[in-house]
Amino acid sequence: MTSEPGGPEFRPHRVVVLALDGLLPFELGIPHRIFGRPRDAAGRHLYEVVTCSIRPPGPVQTDADFAITVEHGPEALATADTVIVPALYESGPLFEEGVLTDELAAALAHIRPGTRLTSICTGVYVLAAAGYLDGRPATTHWADAEQFQALFPQIDVDPNVLFIDDGDLLTSAGVAAGIDLCLHMVRRDHGTAVANDIARLTVVPPHRDGGQAQYIQRPVPEAQLATTRGARAWTLGRLHEPIQLRDMAAQESMSVRTFTRRFREEVGVSPGQWLTQQRVERARHLLESTDLSVDQVAQDAGFGTAQSMRQHLQTALGVTPTAYRRTFRTGVKA
């Protein structure tokens, strides 16, 4: 944000979505759906979402049997606090040679230094061809990862995650992972409570960690097979208690080995990683929404001690509990 939400010079964070020929309409709509919702306590929008083209206002062809009319040209990129490039599919030098067209390069030149840059799925080709991702980690849809890596060997490509947050550069895998990434950015900007409210309104899971695996060539479990859903629900109801892997497996009457394998197939991470993620989320919620002491939050979230919670939050979020609370007690709403 350019100023405090309650300050006299309040201006919403401007998200400019770059619509390119061959774009996927679903991905184009994700930023508007997620960032168009949050408001502060005074009812003011926390984000302003604008769509632009690389040409003067006019039609942009989608990958479907219709075009969309975009009312802003490339000069809108110069006003962005965050630029988002949705997925697109189009043959040409971008996908075949990893280079920008002159028209696209001229449009990207409008972006100011320090602007947060984000891609959804194959939108990452644009950021890569522009050189923004050189020497940086990135992801894209698993089906495109091999070709993407070949075109851009200077980028550290991870095809197994939902999204990567590398500070001012964020990239995501396909479709639903774009929703995860946009919710993550809202969470990073305004905290868990605001992001969760948007997720509820959008009827999507409030949080899937970026490190969670993409579901690559994994068969869907047969309906009659047991799942780990019950164990997860049981665990969430007692995060404040010591929980062992064998306790979780017992809820599904499985051996620890079978439970661990099935859990990873369904969730994409190990039971231990998932449990830590849930405890971090619980701690974030309590730090934002209550006046409990750090020691009390650590107990309620199941970390046991304040020192343990500090270590986990520092690892997951890069901040201490006190700093997190100070940052996100903002009084904003979705």
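Whatever comes next refers back to the structure up there.
Each value, and the rule that gives it
Counting from 1, residues in each chain are numbered in the order their sequence is written. It should be noted that, the model being predicted, local features are given only for residues of pLDDT at least 70 and side-chain atom pairs only at 80 or more, the latter also being counted only at that level, while totals for whole chains, interfaces and linings use all residues. Hydrogen atoms and water are omitted, and side-chain values are computed over all heavy atoms in the structure. Secondary structure elements follow DSSP: runs of H or I no shorter than four residues count as helices, runs of E no shorter than two count as strands, and numbering proceeds from the N terminus. Burial classification: accessible surface area is computed with a 1.4 Å probe over protein chains only, and a residue below 20% of its type maximum counts as buried, one above 50% as exposed, and the rest as partly exposed. By the convention used here, residues are in contact when the closest approach between their heavy atoms is within 4.5 Å. Computed with the Shrake-Rupley method and a 1.4 Å probe, the accessible areas treat only the protein chains shown as cover for residues. Salt bridge, as used here, is a side-chain nitrogen of Lys or Arg placed within 4 Å of a carboxyl oxygen of Asp or Glu. Distance and chemistry together define a polar contact, namely a pair of N or O atoms within 3.5 Å, with one atom able to donate a hydrogen and the other to accept it when in protein, and with adjacent residues in sequence counting only for side-chain atoms on both sides. Stacked, tilted and edge-to-face are the three classes applied to pairs of Phe, Tyr and Trp rings, where Trp contributes its six-membered ring and a pair requires centres within 6.5 Å; stacked means planes under 30 degrees apart, edge-to-face means over 60, and tilted covers the rest. Note on geometry: a ring has a charge over it if NZ (lysine) or CZ (arginine) is within 6 Å of the ring centre and within 35 degrees of the ring normal. To get an axis, a line is fitted to the C-alpha atoms, and for a helix only the part in contact is used. The angle between two axes follows their N-to-C directions and goes from 0 to 180 degrees. We call two directions roughly parallel when the angle between them is under 35 degrees, roughly antiparallel when it is over 145, roughly perpendicular when it lies between 65 and 115, and oblique otherwise. Here is the rule for handedness: rotate from the far helix to the near one, and if that takes an anticlockwise turn smaller than a right angle the crossing is left-handed, while a clockwise turn gives right-handed. Residue classes follow a fixed rule: Ala, Val, Leu, Ile, Met, Phe, Trp, Tyr, Cys and Pro count as nonpolar, while Asp, Glu, Lys and Arg count as charged, and any other residue, Gly among them, counts as polar. In this analysis, strands are considered paired if DSSP registers two or more bridges between them.

Chemist: Just to check I follow, could you spell out the overall build of the protein chain for this structure?
Modeler: Across its full length, the protein chain holds 14 helices and 10 strands. In the protein chain, which comprises 334 residues, the share counted as buried stands at 48%. A fraction of 65% describes how many contacts in the protein chain between residues 6 or more apart in sequence connect residues 24 or more apart. Carbon and sulfur atoms make up 52% of the accessible area of the protein chain, which amounts to about 15400 Å² in all.

Chemist: Mind showing me how you'd approach the pattern of salt bridges here?
Modeler: Side chains that carry opposite charge are capable of pairing whenever their charged atoms lie near each other. Applying the stated criterion across every chain yields a total of 17 salt bridges. Between Asp-168 and Arg-136 there is a salt bridge, with the nearest N and O atoms lying 2.7 Å from each other. On the criterion of sequence distance, the pair formed by Asp-168 in the loop between strand 9 (163–165) and strand 10 (169–172) and Arg-136 in the loop between helix 4 (124–129) and strand 7 (137–138) is long-range, its members being 32 residues apart. Residue classification places Asp-168 among the partly exposed residues on the basis of a relative accessible area of 37%. On the basis of relative accessible area, Arg-136 is assigned to the partly exposed category, the value being 21%. The salt bridge partner of Arg-188 is Asp-165, with a shortest N-O separation of 2.8 Å.

Chemist: Where do I start with the environment of Asp-300 in this structure?
Modeler: Examined against the element boundaries, Asp-300 turns out to sit in helix 12 (residues 294–301). As a C-alpha pair, Asp-300 and Arg-238 span 62 residues in sequence and 9.2 Å in three-dimensional space. Among the polar contacts made by the side chain of Asp-300, one reaches the side chain of Arg-282 at a distance of 2.8 Å.

Chemist: Even after reading the chapter, I still don't get the packing of aromatic side chains, so can you show me in this structure?
Modeler: Describing an aromatic ring pair means giving the distance of the ring centres and the angle of the ring planes. Enumeration according to the criterion identifies 7 aromatic pairs in this entry. Relative to Tyr-47, the ring of Phe-35 has its centre 4.9 Å away and its plane inclined at 65 degrees; by these criteria the two rings are edge-to-face. Highlighted residues: Phe-35 in helix 1 (residues 25–35) and Tyr-47 in strand 2 (residues 47–52), separated in sequence by 12 residues. An aromatic cluster of at least three residues, connected via ring pairs, comprises Phe-95, Tyr-125, Phe-148 and Phe-152. Sitting over the ring of Phe-263, Arg-232 keeps its end group 5.9 Å from the ring centre.

Chemist: Just to check I follow, could you spell out the packing of helix 11 (residues 271–289) against helix 14 (residues 321–328) for this structure?
Modeler: Working note: a packed helix pair is described by the angle between its axes plus the distance between those axes. Where helix 11 meets helix 14, the closest approach of the two axes is 8 Å, and the angle between their N-to-C directions is 55 degrees. With respect to their mutual orientation, helix 11 and helix 14 come out oblique. The two elements helix 11 and helix 14 cross, and the hand of that crossing is right-handed. Judged by residue contacts, Arg-284, Leu-286, Leu-287 and Glu-288 of helix 11 engage Pro-321, Tyr-324, Arg-325 and Phe-328 from helix 14. Across the contact of helix 11 with helix 14, the residue classes tally to 5 nonpolar, no polar and 3 charged.

Chemist: Even after reading the chapter, I still don't get the sheet that holds strand 1 (residues 13–18), so can you show me in this structure?
Modeler: Sheet strands pair by backbone hydrogen bonding; their relative direction is either parallel or antiparallel. In spatial order, the strands read 2-1-5-6-10-9; together these 6 strands make up an open sheet with mixed pairing. Only two strands of the sheet have a single neighbouring strand rather than two, namely strand 2 and strand 9. Neighbour-to-neighbour, the strand axes of this sheet turn through a mean angle of 15 degrees, independent of strand direction. Summarising the sheet, strand 6 (residues 116–120) and strand 10 pair through 4 bridges and their orientation is parallel. Looking at strand 10, one finds that Thr-118 is bridged to Leu-170. Across the sheet, helix 1 lies against strand 1, strand 2, strand 5 (82–85) and strand 6, angled at about 160 degrees from strand 2, the strand it touches most.

Chemist: Looking at this model, I keep getting lost on the packing of helix 11 against helix 12. Mind explaining?
Modeler: At their nearest, the axes of helix 11 and helix 12 sit 9 Å apart, and the two run at 145 degrees to each other. Helix-helix and strand crossings are classified by hand; for helix 11 and helix 12 the assignment is right-handed. Every residue of helix 12 that contacts helix 11 at Arg-279, Arg-282, Ala-283, Leu-286 and Leu-287 is listed here: Val-297, Asp-300 and Ala-301. Looking at the contact of helix 11 with helix 12 residue by residue, the class counts come to 5 nonpolar, no polar and 3 charged.

Chemist: Help me understand the pairing of strand 3 (residues 58–61) in this model?
Modeler: A regular strand places its side chains on the two faces of the sheet in alternate fashion. Where strand 3 lies against strand 4 (residues 67–70), 4 bridges are found, and the strand directions are antiparallel. Bridging across to strand 4, Val-60 finds its partner in Ile-68. With antiparallel pairing between neighbouring strands as the criterion, strand 3 and strand 4 make up a hairpin whose turn holds 5 residues.

Chemist: What is the right way to look at helix 14 in this model?
Modeler: Owing to its 3.6 residues per turn, the α-helix aligns residues three or four sequence positions apart on the same side. Burial in helix 14 covers these residues: Pro-321, Ala-323, Tyr-324, Arg-325 and Phe-328. If you follow the buried residues of helix 14, they end up packed against helix 6 (176–190), helix 7 (192–202), helix 11, helix 12 and helix 13 (306–317).

Chemist: When you look at the environment of Ala-19 in this model, what are you seeing that I'm missing?
Modeler: The residue Ala-19 is located in the loop between strand 1 and helix 1 in this model. The residues touching Ala-19, leaving out its near neighbours within four places in the chain, are Leu-28, Thr-51, Cys-52, Ser-53, Ile-54, Val-60 and Val-70.

Chemist: How should I be thinking about unusual backbone geometry in this particular structure?
Modeler: A negative phi angle is the norm for most residues apart from glycine, just as the trans form is the norm for most peptide bonds. Its identity as a non-glycine residue notwithstanding, Cys-121 has a phi of 55 degrees, on the positive side. You can see Cys-121 is positioned in the loop between strand 6 and helix 4. Assessed through its relative accessible area of 2%, Cys-121 is described here as buried.

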